[in-house]
Amino acid sequence: MGKNKLILLGTKGGPVITRDGAWPTSHALVVDGKAYVIDAGLGVTRQYVQAGLTFADLEAVFITHHHSDHNLELGAFIYTAWNAAPPHPISLHGPQGLDHLMRHVLASQDFDIRIRIADEGLADPSMLISWQEFHSGEVYQDDRIRVTACKVSHPPVEECYALKIETSHKTIVFGADTCFYPPLADFAKGADILIHEAMHLGAAKQLCEQNKDIEPNLWAHFSASHTSCEDAGRIATMAECHQLVLNHFVPQIGSLVSRADYEEAVRKTYQGELIIGHDLCEIAL
Ligand SMILES: [Zn+2]
Ligand SMILES: [Zn+2]
């Protein structure tokens, strides 16, 4: 696992999954042989393994905000790491709510934890897994990476953070979920890679029409909380990033909207290097 790379593990926005569709949001960053996971939506555990990553190399997990398409599988992912790797510390970092989430994750598996410690000799997970809540500013630092957070605008979620990860190879900014938010361009200024969410306006309106009986307020949520392709391109142009990677597609690439539709929309406002993300897409650092 020596190569330095970014892997998009899940690239759709929202918690719903479909047959043969993309998984909700998660990413892995491999730096000097160690793995860091950013967001942990449904499917993160399977995709991490499919990407060829090993739990023994997992160092830390970062959660941008507590919408379920970004944290639903955090517990199962960490729990699997505890079962699948020699005992080593793993740290978790996220906004307010992480402590509540992790306490309940471990409490929900109290029976299994006790029985595996007694029966299989596993180490006590509470001695290995630690978690810390963060605000804007410095989040984490080790020998390989430095992580800083910038609050973005994702109403009604108050605590949602873009994350900048600096490595000796490249600087990567994860934009998290956000509406069009120019301060994100300042935060990402000059980064090598900006990963930004993308909503295709025409297709998103169609999706809202299809789902009006289940989620009657969906369009109000989309327009207040997410970023159109054109505005994602504007942020990348303002930030002068070397490469823009689109993810968190609303709607997902499929029957309503194609990769070419996304590319056409973002090209109206951004002319630089562009990757339209897909699950298990690897980007060399
Ligand atoms: Zn989301
Ligand atoms: Zn969200």
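Cut-offs and rules
Residues numbered from 1 in each chain as written. Chains lettered and ligands numbered in written order. Predicted model: local features only at pLDDT ≥ 70, side-chain atom pairs only at ≥ 80, totals over all residues. Domains from an automatic or database assignment. Contact = placed C-beta atoms within 7 Å. Nonpolar A, V, L, I, M, F, W, Y, C, P; charged D, E, K, R; others polar. Axes fitted to C-alpha atoms, helices over the stretch in contact; angles between N-to-C directions. Helix = DSSP H or I, 4+ residues; strand = E, 2+ residues; numbered from the N terminus. Parallel < 35°, antiparallel > 145°, perpendicular 65-115°, else oblique. Pairing = 2+ DSSP bridges.

### A short note on the domain arrangement of the chain
Thought 1: For the chain, the assigned domains read domain 1 (1-137) and domain 2 (178-277).
Thought 2: One C-alpha centre belongs to domain 1, the other to domain 2; they are set 25 Å apart.
Thought 3: Contact with domain 1, which involves nine residues of that partner, is made by nine residues of domain 2.
Thought 4: When its residues are assigned to classes, the side of domain 1 that touches domain 2 shows three nonpolar, five polar and one charged.

### Some points on the packing of helix α8 (residues 201-210) against helix α9 (residues 218-225)
Thought 1: Axis separation between α8 and α9 bottoms out at 9 Å; the angle between their running directions is 150°. Taken together, the axis directions place α8 and α9 in an arrangement best described as roughly antiparallel. Contacts between α8 and α9 pair A204, K205 and C208 from the former with L218, W219 and F222 from the latter.
Thought 2: Partitioned by chemical class, the residues of the contact of α8 with α9 number five nonpolar, no polar and one charged.

### Remarks on the sheet that holds strand β4 (residues 58-62)
Hydrogen bonds between backbone groups are what pair the strands of a sheet, and the pairing can be parallel or antiparallel.
Thought 1: The strand order across the open sheet built from seven strands is β6-β5-β4-β3-β2-β1-β14, with neighbouring strands paired in mixed fashion. Of all strands in the sheet, those bounded by a partner on one side alone are β6 (129-133) and β14 (281-284). Each strand axis lies, on average, 20° off the axis of its neighbour in the sheet, ignoring direction.
Thought 2: In the sheet, strand β1 (residues 5-10) pairs with strand β2 (residues 26-31) via five bridges, with the strands oriented antiparallel. Along β2, the bridge assignment pairs G10 with S26.
Thought 3: The sheet contacts of helix α4 (residues 98-108) involve β5 (90-94) and β6, and relative to β6 the element is tilted by about 155°.

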